[in-house]
Amino acid sequence: MCGRYALETPPEGLKRLLPFANSPNFPASYNIAPSHPVPIIRDSAVISGAGQYECARLQWGLVPGWMKAEKITEMSSRPQINARSETVTEKPFFKSAFKSRRCLFPADAFYEWKRSSKAKNQPYCIRRQDESPFMMAGIWEFWQGADGSEIETCAILTVAANETLTPIHHRMPVILEATHWAEWLDTPDVKSESLLPLLVPAPEKDFKFYPVSDAVNKVANNAPDLLAAVPEIENKDQQNAQFDLF
DNA sequence: CCAGACGTTGTT
DNA sequence: GTCTGG
DNA sequence: CCAGACGTTGTT
DNA sequence: GTCTGG
C-alpha cells in the first residue's frame, strides 16, 4: 500500500508537468505521513465551475461527507489513507468520491516496510528508474460540520503489487501515466466505470526500489537523505556481528 | 419498515 | 494490546 | 505508515 | 448518503 511518501518537486516543477491555474506554496517533504496536509491536483470545476486544474493541500485520510462529527475523532487514529481499487465503486465510504471527486497525488517516491518476524521491519524507497516525479490516483471528499467547520480530505487508491515489488509488499498505489491524467481528473463528464481499466499495477520495469535508513520511521525526520540508499538491516546486523568478533 | 454500519493493512 | 500523534 | 504513550490523587 | 441485517 502506500502509507508514507516523498514529494521533492516544487510547485513550479509540478505545474510544468501538469499545468494548474493557481500558485500554491508548499515545502518539499521527504516524510509525508497520514493526517498531514498533502498537495493534490484536481479539476476545479467541481469546486468553482471554472474547469481548470488546481493544486490544493488536503488532509490525508478520507472522511465521507455523511460521517458524524463524533466518529471523525474516533477515526482520526486510523485515517483512511487508502482505498482498494477493486471495491472502490461499491463501498459507501468511497463510491461517491470515486464518481465525482477524483484527484492526483504528485510524488517523487513512496516508502514500503518489508515485514520481518526476526529483525526490524526494513523500509524501502520506491521510485521511477530515472527518479522523475509520478502521479498516484486518488479521491477526495468534503465534510461540513453543523458548527460550520469544514475539512477536505483525500485517499490514495491501491492495487495488488506488481512483480517487482511483491518481494517487499503485496499492495502498491495506483500510478497513472501522463496520457491518462486528463481522463482521470475529468470528474463531471467522464463515466467513472470507464476508468476501471486504469486501476492496475504500474509496469514492472518503470520502478526501482532500494533499502533506506529506518530514520524514515520517525515522522519528525524530514530531510533529503531519507531517500538515500543504505545497506539492508540484515547486512548491518552482519556487520555488527563481525565488529563484535574483533 | 428501522437501526446501524460504512475502511485498509496485516496477521491469525 | 490498543490508541493517539505525527 | 511507525513511534510512543498508556494513570490517579493530592499537593505545590 | 446508501447499503446490510434483522
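Here the structure is a predicted model, which means the values were calculated and not measured.

Student: It is not clear to me how the protein's contact with DNA strand C should be interpreted in this structure. Could you clarify?
Tutor: As a structural note, the neighbourhood of DNA strand C is formed by Arg4, Ala33, Pro34, Ser35, His36, Ser77 and Val219. Put simply, 21% of the atoms of DNA strand C that lie within 4 Å of the protein are in sugar or phosphate. One of the side-chain N or O atoms of serine 77 is found 3.1 Å from a phosphate oxygen in DNA strand C. In terms of residue class, the surface near DNA strand C is made up of three nonpolar, three polar and one charged.

Student: Would you take a moment to explain the protein's contact with DNA strand E for this structure?
Tutor: Looking at DNA strand E, the residues that line it are Trp66, Pro92 and Lys95. Here DNA strand E approaches the protein such that, of its atoms within 4 Å, sugar and phosphate make up 8%. A distance of 3.1 Å separates a phosphate oxygen of DNA strand E from a polar side-chain atom of lysine 95.

Student: When you look at the packing of aromatic side chains in this model, what are you seeing that I'm missing?
Tutor: Geometrically, a pair of aromatic rings is defined through the distance of the ring centres and the angle of the planes. This structure, assessed with the given rule, holds seven aromatic pairs. Relative to tryptophan 60, the ring of tyrosine 5 lies with its centre 5.3 Å away and its plane at 75 degrees, an arrangement referred to as edge-to-face. Of this pair, tyrosine 5 sits in strand 1 (residues 5-7) while tryptophan 60 sits in strand 4 (residues 53-60), placing them 55 residues apart in sequence. The burial state of tyrosine 5 is the same as that of tryptophan 60; both residues are buried. With 5.9 Å between their ring centres and 85 degrees between their planes, tryptophan 66 and phenylalanine 93 make a pair best called edge-to-face. Of this pair, tryptophan 66 sits in the loop between strand 4 and helix 2 (69-75) while phenylalanine 93 sits in the loop between strand 5 (82-84) and helix 3 (95-100), and the two are 27 residues apart along the sequence. Under the relative-accessibility criterion, tryptophan 66 is labelled exposed at 54%. One aromatic cluster is present, built from ring pairs that chain together Trp66, Phe93 and Phe94. Residue placement shows arginine 42 over the ring face of tryptophan 140; its charged tip is 4.3 Å from the ring centre.

Student: How should the nonpolar core be read in this particular structure?
Tutor: When a protein is soluble and globular, its nonpolar side chains tend to lie buried together. The biggest cluster of nonpolar side chains holds 62 residues, and the ones touching the most others in it are Tyr5, Phe105, Met136, Ile139, Leu157 and Trp184. Among the elements that take part in this core, strand 9 (residues 134-144) stands out by supplying seven residues, more than any other. Excluding anything up to four places from it in sequence, methionine 136 contacts Cys2, Tyr5, Cys103, Leu104, Phe105, Ala107, Ile156, Pro173, Val174 and Ile175. Membership of the second largest hydrophobic core comes to 11 residues, among which are Ala6, Tyr111, Leu226 and Leu227.

Student: Is there a simple way to explain the layout of surface pockets in this structure?
Tutor: Vacant regions in the atomic arrangement are exposed by a probe of water-molecule size rolled over the atoms. Its volume calculated, the largest pocket comes out at about 560 Å³. As for the largest pocket, its lining consists of 19 residues, and the residues nearest its centre are Met1, Gly3, Arg78, Ile81 and Asn82. Contributions of two or more residues to the lining of the largest pocket are made by strand 5 and strand 7 (109-114). Taken together, the residues of the lining of the largest pocket break down into seven nonpolar, six polar and six charged. Put simply, the second largest pocket is a space of about 170 Å³. Lining the second largest pocket are Val46, Lys99, Ser100, Thr187, Pro188, Asp189, Val190, Lys191, Ser192 and Glu193. Counted by class, the lining of the second largest pocket contains three nonpolar, three polar and four charged residues.

So, how was this worked out
- Residues numbered from 1 in each chain as written.
- Chains lettered and ligands numbered in written order.
- Predicted model: local features only at pLDDT ≥ 70, side-chain atom pairs only at ≥ 80, totals over all residues.
- Heavy atoms only, no water.
- Near = heavy atom within 4 Å.
- Polar contact = N/O pair within 3.5 Å; in protein donor to acceptor, adjacent residues only side chain to side chain.
- Nonpolar A, V, L, I, M, F, W, Y, C, P; charged D, E, K, R; others polar.
- Phe/Tyr/Trp six-rings, centres within 6.5 Å; stacked < 30°, edge-to-face > 60°.
- Helix = DSSP H or I, 4+ residues; strand = E, 2+ residues; numbered from the N terminus.
- Buried < 20%, exposed > 50% of the residue type's maximum accessible area, 1.4 Å probe, protein only.
- Lys NZ or Arg CZ within 6 Å of the ring centre and 35° of its normal.
- Core = buried A, V, L, I, M, F, W, Y, C linked by side-chain atoms within 4.5 Å.
- Contact = heavy atoms within 4.5 Å.
- 1 Å grid on protein atoms, 1.4 Å probe; cavity = no way out; pocket = protein on both sides within 12 Å on 5 of 7 lines; lining within 4 Å.
- Points joined across faces, edges and corners; volume = space filled by probe spheres on them.

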